[in-house]
Structure formats: structure tokens, C-alpha cells
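What follows is each chain in one-letter form.
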Amino acid sequence: QALAYVPKAVSAVTAQQLQYTVATDIRQLEQVSPSLLVSSTTSEAGGAVARIRGIGTVCDNPGLEGSVGVFIDGVYRARAGMALTDLGPLDRIEVLRGPQGTLFGRNTSAGLISIITAKPRFAPEVSGQIDAGNFDYWRAQGSVTGPLSDTVAARLDAVWVKRDGFLDDVISGRDINDRNRWMTRGQV
């Protein structure tokens, strides 16, 4: 439905906009969606909190359910940290501001982030990307999609990310807050 006819405050970010801003996870959506803040103070996976228009769960306790719901392809993620992983190829991301409990359930009192991944296509396509950065950052992403028959298409996506931590433990000599992640996703 066209956003002009929807009586809600919605920020819809397309795959092309995400590519231009190099946003690969929901923390980087702050660049394209005003009023959204995603932060973590303890650990990247367990201690994340999302806020929309400044409203959100007060602390990043992994035992508390957030007041900003996160949905990936319509599936609710009970904790914001469960969606902090690299998302791979996306179709779009929608940020709905304000209470969304009627349509999406109880844990959306501040709003929600709806992530829609790229769907399989009947036109064969293979793509890949390699990124490098500071703190020994490396990210590799690959996708393949195409038809299995005249009526069935499939898609396989994979992402691998490695980055050294920002802090050095002077006693043990190890980096703290390293990022070592990988993701695979298949769709038919």
C-alpha cells in the first residue's frame, strides 16, 4: 500500500538506499531513519536496546523485552540483540513509529523495525562483495539465486565478518569486543 494512504509514521528504506549508506545491520539504520537509536553498552549480542523517538527500554538487560519490536521476514525477535547480526541482502527495512500493538503484538509500544530480506528470483543471478577496514575488519558476502523449475525459485546468501576489538586488555594482551560472525540463509 502506498505510504501516502497509511495513517502511520513510517520510514521505508530500500535496498538501494542501504547499499549507498553501506548499512549492513540495524545499528547503521540511524543514518537513514531519523528518530531511531540502536545501541549496546555491554556486549554486541546480549546487551542491545532500540529506541524510537527516544522511547525504549531503559537498560540493555537481556532479561527485559524491548519496547521496540524487531521482525525479520515477519518473525518476531524477542531481543534486539538477536537482530544485530549482519543481515545479508535485503529488499527493504521499515521503521514504524508509535505503538503498533494492534497489528504486531505486545512488545511494540514504542514502534517496530521490520526487516524484509531479498527474495528468490527466477532470473539467475550471482553476486559477491568484499570489504576491508581498520581494526583488521574484513567482510565477505555472496549470493546466488535462480530457478529450480518453471514455478520454483531458490536463493542462498552467506556473510562472514571479522574485526578486532577496540579495547586491549593490558593484563592478558587480548583484544576485547572482537566481531567474528557468519550467517547463511536459504529460501525457496
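Quick caveat, the model's predicted, so the values are computed rather than measured. (Residues numbered from 1 in each chain as written. Predicted model: local features only at pLDDT ≥ 70, side-chain atom pairs only at ≥ 80, totals over all residues. Heavy atoms only, no water.)

## Looking at the overall build of the protein
(1) Moving on: Scanning the protein for helices and strands turns up two helices and 14 strands.
(2) Moving on: Taken over 188 residues, the protein has a buried fraction of 39%.
(3) Moving on: Sequence-distant contacts, at least 24 apart, represent 52% of the contacts inside the protein between residues at least 6 apart.
(4) Moving on: Of the accessible surface of the protein, which amounts to about 10,600 Å², a share of 58% is contributed by carbon and sulfur atoms. (Helix = DSSP H or I, 4+ residues; strand = E, 2+ residues; numbered from the N terminus. Buried < 20%, exposed > 50% of the residue type's maximum accessible area, 1.4 Å probe, protein only. Contact = heavy atoms within 4.5 Å. Areas by Shrake-Rupley, 256 points an atom, 1.4 Å probe, with all protein chains shown as cover.)

## Here we look at the pattern of salt bridges
Where charged atoms from two side chains of opposite charge come close, those side chains can pair.
(1) Moving on: Enumeration according to the criterion identifies nine salt bridges in this entry.
(2) Moving on: For Asp91, the salt bridge is made with Arg92, and the minimal N-O distance between the two is 2.7 Å.
(3) Moving on: When its relative accessible area of 31% is taken as the criterion, Arg92 is described as partly exposed.
(4) Moving on: Across the pair Asp157 and Arg155 runs a salt bridge whose closest N-O atoms are separated by 3.0 Å. As far as burial versus exposure is concerned, Asp157 and Arg155 are alike and both buried. (Salt bridge = Lys/Arg side-chain N within 4 Å of Asp/Glu carboxyl O.)

## Points about the sheet that holds strand S6 (residues 75–77)
(1) Moving on: Taken together, five strands build an open sheet; the order of strands is S1-S7-S8-S5-S6 and the sheet is mixed. At either margin of the open sheet sits one strand with a lone partner, and together these are strand S1 (9–14) and S6. This sheet shows a mean twist of 20° between the axes of neighbouring strands, independent of strand direction.
(2) Moving on: Bridge analysis of strand S5 (residues 68–72) against S6 gives three bridges, and the strand direction is antiparallel. Its bridge partner lying in S6, Ile72 is registered against Val75. (Pairing = 2+ DSSP bridges. Axes fitted to C-alpha atoms, helices over the stretch in contact; angles between N-to-C directions.)

## Comments concerning the side chain of Asp131
(1) Moving on: In this structure, Asp131 sits in strand S9 (residues 125–133).
(2) Moving on: Looking at Asp131, its side chain comes within polar contact range of the side chain of Gln129, at 3.0 Å.
(3) Moving on: Once you skip the residues sitting within four places of it in the chain, Asp131 turns out to touch Tyr137, Trp138 and Arg139. (Polar contact = N/O pair within 3.5 Å; in protein donor to acceptor, adjacent residues only side chain to side chain.)

## Here's the deal with the sheet that holds strand S11 (residues 153–163)
(1) Moving on: Across the sheet, four strands lie side by side as S9-S10-S11-S14; this open sheet has antiparallel pairing. Only two strands of the sheet have a single neighbouring strand rather than two, namely S9 and strand S14 (179–187). The mean inter-strand angle of the sheet, taken between neighbouring strand axes irrespective of direction, is 5°.
(2) Moving on: Taken together, the 10 bridges between strand S10 (residues 137–147) and S11 define a ladder with antiparallel strand orientation. Bridge pairing in S11 links Val144 to Leu156.

## A closer look at a nonpolar patch on the surface
(1) Moving on: Together, Ile130, Trp138, Trp160 and Trp182 make up an exposed nonpolar region whose accessible area comes to about 550 Å².
(2) Moving on: Position of Trp182 relative to the elements: it lies in strand S14. (Patch = residues over 30% accessible without salt bridge, like charges linked within 9 Å, V, L, I, M, F, W, Y side chains within 5 Å.)

## Section: the environment of Asp150
(1) Moving on: By secondary structure assignment, the location of Asp150 is in the loop between S10 and S11.
(2) Moving on: The class for Asp150 is exposed, based on a relative accessible area of 79%.
(3) Moving on: Along the sequence, Asp150 and Phe122 sit 28 residues apart, while their C-alpha atoms lie 8.3 Å from each other.

## Some points on the nonpolar core
(1) Moving on: The biggest cluster of nonpolar side chains holds 19 residues, and the ones touching the most others in it are Leu18, Ile26, Leu29, Leu36, Ile93, Ile113 and Ile115.
(2) Moving on: Sorting the residues of this core by element identifies strand S2 (36–40), strand S3 (48–52), S5, strand S7 (90–97) and strand S8 (111–117) as the ones contributing at least two each.
(3) Moving on: If we skip the residues at most four places from it in the chain, Ile115 touches Ile26, Val70, Phe71, Ile72, Asp73, Leu87, Leu90, Arg92 and Ile93. (Core = buried A, V, L, I, M, F, W, Y, C linked by side-chain atoms within 4.5 Å.)

## Some details on the pairing of S10
(1) Moving on: Note that S9 and S10 share nine bridges and pair antiparallel. The residue bridging Ala132 from the neighbouring strand is Trp138, located in S10.
(2) Moving on: Taking the residues between adjacent antiparallel strands as the criterion, S9 and S10 are bridged by three residues, where Phe135 takes a positive phi near 60°.
(3) Moving on: In this structure, the hairpin formed by S10 and S11 is closed by a connection of five residues.

Keep in mind these numbers describe shape, not what the thing actually does.
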